[in-house]
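Here is how the chains run, residue by residue.
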Amino acid sequence: MNPLRRFLRTPEAVAGVVLLGALIAMALIAPLLFPGDPQAIAGPALLPPFNDWSLPLGTDRLGRDVLAELFHGARTSLAVGLAAAAAALAIGSVVGTLAGFAGGLVDEVLMRITDAFQTVPSFLLALAFVSVVGPSLGVVVAAIALGTWTGPARIARAEVLSIRERDYVASARAIGMHPLEIAFREVLPNALPPVLAMSSVIVAAAILTEAALSFLGLGDPNRVTWGGMIAEGRAVLRTAPFLSIVPGIALVLTVLGVYLTGEGIVETTAVRRGLS
Amino acid sequence: MSGFTISRRKMLAGSAMLLASTAMQISGWAQTPKKGGRLVLAADSEPRNLNPAIVASNGVFFISSKIVETLAEASFDGKDGLAPRLALSWEGAPDGLSVTFKLRDGVKWHDGKPFTSADVAFSALQIWKPLQNLGRTVFKDLAAVETPDDLTAIFKFAKPTPFQLIRNALPALSSVVPKHIYEVGKIEDNPANNAPIGTGPFKFGEYKAGQYYRLTKNTDYWGKDEPYLDEIIYQVLPDRTSAASALEAEEIQLAAFSAVPLADLDRISKVPGLKVISKGYEGLTYQLVVEINHRRKELADVKVRQAIAHAIDKDFVVKTVFLGYAATATGPVPKNDPQFYTADVPTYPFDVAKANALLDEAGYKKGPDGKRFTLKLLPAPYFNETKQFGDYLRQALAAIGIDAELVNNDSAAHIKAVYTDHAFDLAVGPPVFRGDPAISTTILVQSGIPDGVPFSNQGGYKNDALDALIARASETLDTSARTDLYKEFQKEVAADLPLINVAEWSFISVARDTVGNIANNPRWAVSNWADTYLAG
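These numbers were taken from a predicted model, which means no experiment stands behind them.

**Re empty space enclosed by the protein**
Residue and element names in this part refer to chain B.
No. 1: With the rule as written, the count across this model stands at 7 cavities of 30 Å³ or more.
No. 2: The calculated volume of the largest cavity comes to roughly 150 Å³.
No. 3: Residue lining of the largest cavity: 16 residues in total, with Arg 240, Ser 258, Pro 261, Leu 262 and Glu 385 positioned closest to the centre.
No. 4: Per-class residue counts for the lining of the largest cavity are 10 nonpolar, 3 polar and 3 charged.
No. 5: Size it by volume and the second largest cavity reaches roughly 120 Å³.

**A look at the nonpolar core**
No. 1: Among the nonpolar cores identified, the biggest contains 160 residues, and B:Leu71, B:Phe101, B:Phe155, B:Tyr234, B:Ile312 and B:Phe389 are the most heavily contacted of them.
No. 2: Membership of the second largest hydrophobic core comes to 44 residues, among which are A:Met26, A:Leu67, A:Val203 and A:Val236.

**Overview of helix H10 (residues 199–215) of chain A**
Residue and element names in this part refer to chain A.
No. 1: The end-to-end C-alpha distance of H10 is 24 Å, a good match for the 24 Å that 17 residues give at a rise of 1.5 Å each.
No. 2: Of all the residues in H10, the buried ones are Ser 200, Ile 202, Val 203, Ala 204, Ala 206, Ile 207, Thr 209, Glu 210, Ala 211, Leu 213 and Ser 214.
No. 3: Looking one or two residues past H10, Gly 217 carries a phi angle of roughly 80°, positive in sign.

**Considerations on the sheet that holds strand S5 (residues 98–103) of chain B**
Residues and elements named next belong to chain B.
No. 1: The antiparallel open sheet is built from 4 strands, whose spatial order is S4-S5-S7-S6. Of all strands in the sheet, those with a lone pairing partner are strand S4 (87–92) and strand S6 (142–149), marking the two edges. Neighbour to neighbour, the strand axes of the sheet diverge by 20° on average, direction disregarded.
No. 2: Relative to strand S7 (residues 152–157), S5 is paired through 5 bridges, and the arrangement is antiparallel. Its bridge partner lying in S7, Phe 101 is registered against Ala 153.
No. 3: Contacts from helix H3 (residues 117–128) reach S5, S6 and S7, with the element oriented near 170° to S6.

**What to know about the packing of aromatic side chains**
All names here are of chain B.
No. 1: A full pass over the atoms with the stated rule returns 32 aromatic pairs over all chains.
No. 2: Here the aromatic rings of Tyr 286 and Phe 507 are separated by 5.1 Å at their centres, their planes lie at 80°, and the arrangement is edge-to-face. Linking Tyr 286 in strand S13 (residues 285–292) with Phe 507 in the loop between strand S19 (499–505) and strand S20 (509–512), this pair joins segments that are 221 residues apart in sequence.
No. 3: Seen from their ring centres, Tyr 364 and Phe 373 are 5.4 Å apart, and the 70° between their planes marks the pair as edge-to-face. Assigned by exposure class, Tyr 364 and Phe 373 land together as buried.
No. 4: Lying over the aromatic face of Trp 529, Lys 66 brings its terminal NZ or CZ to 3.9 Å of the ring centre.

**Observations concerning the interface of chain A and chain B**
No. 1: Contacts between chain A and chain B engage 18 residues on the former and 23 residues on the latter.
No. 2: Between chain A and chain B the total buried area reaches about 1900 Å² when both faces are included, carbon and sulfur atoms providing 49% of it.
No. 3: It is A:Arg61, A:Leu62 and A:Arg238 in chain A that bury the most area against chain B; as a group they hold 35% of the surface buried on that side.
No. 4: Applying the counting rule to chain A against chain B returns 3 salt bridges.
No. 5: Salt-bridge contacts for B:Glu248 lead to A:Arg238; the nearest nitrogen and oxygen are separated by 3.3 Å.
No. 6: Across the chain A-chain B interface, the total number found is 10 residue pairs in polar contact (both at pLDDT 80 or more).

About the criteria used
Residues numbered from 1 in each chain as written. Chains lettered and ligands numbered in written order. Predicted model: local features only at pLDDT ≥ 70, side-chain atom pairs only at ≥ 80, totals over all residues. Heavy atoms only, no water. 1 Å grid on protein atoms, 1.4 Å probe; cavity = no way out; pocket = protein on both sides within 12 Å on 5 of 7 lines; lining within 4 Å. Points joined across faces, edges and corners; volume = space filled by probe spheres on them. Nonpolar A, V, L, I, M, F, W, Y, C, P; charged D, E, K, R; others polar. Core = buried A, V, L, I, M, F, W, Y, C linked by side-chain atoms within 4.5 Å. Buried < 20%, exposed > 50% of the residue type's maximum accessible area, 1.4 Å probe, protein only. Helix = DSSP H or I, 4+ residues; strand = E, 2+ residues; numbered from the N terminus. Expected span 1.5 Å × (residues − 1). Pairing = 2+ DSSP bridges. Axes fitted to C-alpha atoms, helices over the stretch in contact; angles between N-to-C directions. Contact = heavy atoms within 4.5 Å. Phe/Tyr/Trp six-rings, centres within 6.5 Å; stacked < 30°, edge-to-face > 60°. Lys NZ or Arg CZ within 6 Å of the ring centre and 35° of its normal. Buried area = accessible area lost by both parts, 1.4 Å probe. Salt bridge = Lys/Arg side-chain N within 4 Å of Asp/Glu carboxyl O. Polar contact = N/O pair within 3.5 Å; in protein donor to acceptor, adjacent residues only side chain to side chain.

This is a description of form; function is not addressed.
Now the structure itself:
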């Protein structure tokens with residue numbers, strides 16, 4: 001059976017892919033569907049949802065279109081989630097590979113640094129980083145990556161430790177390849193799959209962290225973010241609860257979609273490994 | 001203000017219903033305050049230093065004004081808008097070099113010692129003049145305080161000081177603290193700063209961080225039969241949404257200083273047993289102001305500043321950001337000020353086409369992307385409304401081709417960025433008008449203020465004519481001539497726009513029906529509450 005069909009047989013994986021696909025579609029068509037600034041004032045303030053079909057999800061306290069904000073917010077969430085995860089995976093696998101392959105003092109130093117980062121709660125680290133450097137999209141991505149690269153680093157190191165004893169590594173050594181070349185061309189590609197399996201968890205965590213930072217007012221104020229929308233809606237929670245509920249639901253579905261897709265991939269690969 | 005009309009309409013409707021049922025009973029009950037009871041109210045901040053003589057700010061007054069009294073309090077119907085407290089009368093000499101205060105007899109400090117003119121002299125010379133945030137300016141020429149007897153204090157000034165200014169400063173700047181407590185050791189480190197001792201109707205009880213402040217009745221208070229309440233509890237509720245639910249659940253009886261968000265007022269005014277009151281803050285007017293950094297070459301051009309003023313729809317701001325609980329502004333003195341306000345100033349009606357034309361004229365044509373130039377916009381984080389106005393201003397500027405990039409900071413970082421580092425092009429600030437332009441308004445436009453002074457002109461604006469006008473007004477003793485100079489000041493500011501005044505707002509109280517004598521002076525929330533009572 002081919003992996004795609006096996007993947008599509010698990011219902012939760014399909015649900016995940018549908019959710020994630022919808023999210024990606026939202027992010028892609030946002031500028032076509034809602035051209036211009038999503039934060040522009042589009043109508044009367046605090047219009048409830050489903051009242052005016054030109055503003056189907058209503059408006060916020062300044063009269064901005066909630067649906068447009070929701071679509072543009074998907075772009076931010078997804079961009080931050082993917083960028084932060086990519087950065088975390090890149091840093092983590094490089095550090096892990098170096099530590100595992102070099103061993104000795106290098107291993108000790110790198111792993112103690114990893115431990116040091118791991119002892120600080122990653123959200124706290126992001127919070128401190130953003131409040132010192134100042135909120136902007138790049139800083140938020142860096143802040144999230146800073147707190148999440150340790151997981152991939154530890155997994156990469158563990159994988160590398162077992163791979164470096166394999167015969168093909170020994171033969172690469174024997175033909176006189178440079179140790180760094182061996183580490184990154186021979187060992188790293190083979191250590192990657194289990195590290196990549198973590199990516200869904202990291203993306204989901206990154207999206208949530210970004211939302212939490214925006215909620216606390218530490219997101220980029222020039223972009224629409226779901227966390228920022230929830231925070232703004234909170235002031236009028238009793239009179240206009242939809243302002244917090246709508247982006248809240250979007251956030252839940254996104255994280256669920258990313259997570260279920262990731263689970264599906266892991267399960268598919270695990271089954272394949274089990275069969276082979 | 002439209003906020004007031006709403007509540008007045010509701011009050012009328014409510015009283016008509018009451019009249020229909022039990023008219024006589026109700027009016028009798030409203031006039032005789034009941035003694036006893038504990039008032040529980042919401043507090044949203046926990047000031048560390050509770051000494052109002054040092055920190056003259058509303059957050060401190062809210063709690064400490066019940067404990068430490070001033071020489072006089074603001075009043076709706078008193079002469080010059082004042083009512084006597086620790087001073088019974090005040091008289092300025094025609095040469096502007098002295099002011100004589102006759103003090104109240106038989107007043108005792110909370111520790112039993114008598115209150116005398118020595119306490120007033122000590123507070124003025126040792127605290128208001130050298131240490132107080134606002135007193136430093138107003139009392140800068142105070143040279144001595146003579147105390148011929150225990151109940152007379154004569155303030156002597158080195159330079160002529162307008163009596164009108166001293167009078168207007170009394171409600172906020174003249175908190176009297178006991179000499180015998182403060183003369184030992186360093187004033188800033190005195191334990192009484194955290195557990196104040198005063199002459200007020202309530203004594204400081206205890207403070208539990210993150211939970212509450214408790215004030216207890218001063219049984220030796222000078223006011224006959226006052227205070228009515230036995231206890232006041234300030235319940236710390238930092239979350240703005242929780243005050244409304246606490247009121248509904250009858251956990252608190254009062255939420256002042258707009259602790260209930262404006263957007264919730266409409267809903268909560270319909271809850272039986274609760275009333276929404278927009279009076280009682282007339283003396284605490286906040287101004288929504290766009291601060292401008294004149295070091296930016298574009299903003300140094302008055303045409304650009306006028307264009308920005310034309311781009312702001314003040315009515316929209318009042319209606320949407322403040323939900324009607326505000327008034328549009330015309331200049332640096334708020335409309336509700338009885339002494340100084342003039343409407344006779346240049347105005348900037350909302351007109352996007354005109355704003356665009358002005359910018360074209362100034363030579364900043366739109367680029368191919370529709371943008372003329374980019375500005376950094378820093379909205380002050382203290383109020384929801386200042387942040388929301390920042391969001392609105394960004395949109396308003398986009399409409400005239402100015403790309404504003406929002407920068408959010410926390411309070412400390414905002415103050416540093418704007419007032420010390422000058423790392424802004426535009427900022428949204430909420431300065432307070434304190435009854436006289438010389439107290440905290442002229443410094444917003446005056447030049448020569450050292451870096452780092454918060455809520456002052458840090459935008460590099462310099463206008464010699466305006467500086468000369470401010471200097472002349474500060475030495476003019478005649479009240480009407482001084483008032484005229486400040487009217488000219490308003491005209492000049494509105495014409496040259498060193499900053500743009502957008503709106504003026506104040507706060508809203510929500511209270512249970514049982515709380516009596518609410519909002520009976522223009523600084524009610526920060527007054528002494530000796531006559532506040534709980535019925536039923």
